[in-house]
Amino acid sequence: MRLQKYLAHAGVASRRAAEEIVRAGRVTIDGRTVTDPARDVPDDGTADVLVDGRPVTPVAETVVFAVNKPAGVVSTASDTHGRPTVVGLVPAGKRRLYPVGRLDAETTGLILLTDDGALADLLTHPRYEVPKTYVASVRGGRVGDVALRALREGVELDDGPTLPAEVEQPEPGELRITLREGRKRQVRRMCRAVGHPVVTLRRVRLGPLELGRLREGQWRALDPREVAALRDAARRP
Ligand code: URA
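Conventions and cut-offs
- Residues numbered from 1 in each chain as written.
- Predicted model: local features only at pLDDT ≥ 70, side-chain atom pairs only at ≥ 80, totals over all residues.
- Heavy atoms only, no water.
- UniProt positions renumbered as here; feature names shortened; annotations may be inferred.
- Near = heavy atom within 4 Å.
- Polar contact = N/O pair within 3.5 Å; in protein donor to acceptor, adjacent residues only side chain to side chain.
- Helix = DSSP H or I, 4+ residues; strand = E, 2+ residues; numbered from the N terminus.
- Nonpolar A, V, L, I, M, F, W, Y, C, P; charged D, E, K, R; others polar.
- Domains from an automatic or database assignment.
- Core = buried A, V, L, I, M, F, W, Y, C linked by side-chain atoms within 4.5 Å.
- Buried < 20%, exposed > 50% of the residue type's maximum accessible area, 1.4 Å probe, protein only.
- Contact = heavy atoms within 4.5 Å.
- Buried area = accessible area lost by both parts, 1.4 Å probe.
- Salt bridge = Lys/Arg side-chain N within 4 Å of Asp/Glu carboxyl O.
- Pairing = 2+ DSSP bridges.

Under an unreviewed UniProt entry, the name given to the chain is Pseudouridine synthase, and the organism recorded is Patulibacter medicamentivorans. The Catalytic activity (unreviewed entry) comment attached to the chain in UniProt states, word for word, "a uridine in RNA = a pseudouridine in RNA".

Written out as structure tokens, the structure is:
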């Protein structure tokens, strides 16, 4: 991003006034005085930009929030039945945030909200689908080897067979399932198809991003490096 724009975005001054500030030699980047307002500055927070010796913090043009969605909260931007929405959990200010993909109302765990439409499209495009990991507790106790193999190799659902998935059983009746596709209620339908209906379902990972210690109902803004890692994960074939 051009230095002049960077300073204006950070709230230092209007673009025109920022240009004068730069020309006056009041700005340093990584310790060197810069007088060209068109100088390129990375906008991911990695450049050390000072005005009159004081640091300037860039304001991101777009934001991405990670949210731990509680059960009973819908992941659409609004709900015709008046249920609480995941967008309502995050103080968005003037930004218009959209959920990236969907979780069922009963499903808990990691969902992203962003005002970056291009990133949302990239992350949800079937061709670039990033792997998503779910932890399901299922009925019927320990899942046997035949059912595990079916889940891993592909289960016949009414909209066709599922793609190969990674499936582990850390403890009897608990499955950790990683999918590279995102069909409606897919984990629930897969588990039901092998005779182990889901009792609770939580998404714990989305590409490189882990739910981590975020508690239900909590959110945090991703830092530029995390957003870059998500973008990379989606672009990887
Ligand atoms: N699979 C499901 O069945 N439900 C979700 O919310 C996500 C994946």
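Having seen the structure, we can now continue with the description.
Caption draft 1: Focus on the site of the ligand. Close contacts around the ligand come from Leu103, Asp104, Thr107, Tyr134, Arg185, Gln186, Val187, Arg188 and Leu201, and that covers them all. Note that an oxygen atom of the ligand is positioned 2.9 Å from one of the side-chain N or O atoms of Thr107. Between the ligand and the protein, one listed contact pairs a nitrogen atom with a backbone N or O atom of Val187 at 3.2 Å. When residues of the shell around the ligand are assigned to their parent elements, the largest contribution, three residues, is made by helix 5 (residues 186-193). Looking at the shell around the ligand, its residues break down into four nonpolar, two polar and three charged. Structurally, the shell around the ligand is a two-domain feature, drawing no fewer than three residues from each of domain 2 (64-126 + 209-235) and domain 3 (131-206).

Caption draft 2: Quick peek at the nonpolar core. With 32 residues, the main nonpolar core has Leu113, Leu175 and Val187 as its most contacted residues. Contributions of two or more residues to this core are made by strand 5 (64-69), strand 7 (108-114), strand 8 (132-138), helix 4 (145-153), strand 12 (174-179), helix 5 and strand 13 (198-206). Built from parts of two domains, this core gets at least three residues from each of domain 2 (64-126 + 209-235) and domain 3 (131-206). Contacts of Leu175, omitting those with residues within four sequence positions, involve Tyr134, Val135, Ala136, Val138, Val143, Leu148, Leu151, Val167, Glu168, Gln169, Pro170 and Cys191.

Caption draft 3: Looking closely at unusual backbone geometry. Notably, Asp52 is not glycine yet its phi reads approximately 50°, a positive angle. Following the sequence through the fold, Asp52 ends up in the loop between strand 3 (49-51) and strand 4 (54-55). Positioned with a positive phi, Arg185 is a non-glycine residue whose angle comes to about 50°. Position of Arg185 among the secondary structure elements: in the loop between strand 12 and helix 5. Given the relative accessible area of 35%, Arg185 is considered partly exposed.

Caption draft 4: Broad picture of the domain arrangement of the chain. Looking at the chain, the domain boundaries give domain 1 (3-55), domain 2 (64-126 + 209-235) and domain 3 (131-206). Taking only C-alpha atoms, the centre of domain 2 and the centre of domain 3 are 22 Å apart. Each partner contributes to the interface: domain 2 provides 14 residues, whereas domain 3 provides nine residues. Note on domain 2 versus domain 3: buried area summed over both sides is about 1100 Å², and carbon and sulfur give 39% of it. Measuring nitrogen to oxygen at the nearest pair gives 3.5 Å for the salt bridge that ties Asp104 to Arg185.

Caption draft 5: Fine view of the pairing of strand 8. Extensive coverage of strand 8 is indicated by the burial of six of its seven residues. With six bridges joining them, strand 8 and strand 12 adopt antiparallel strand pairing. Paired with Thr133 across the strands is Thr178, a residue of strand 12. Note that strand 8 and strand 13 share seven bridges and pair antiparallel. Within strand 13, the residue paired with Ser137 across the bridge is Thr200.

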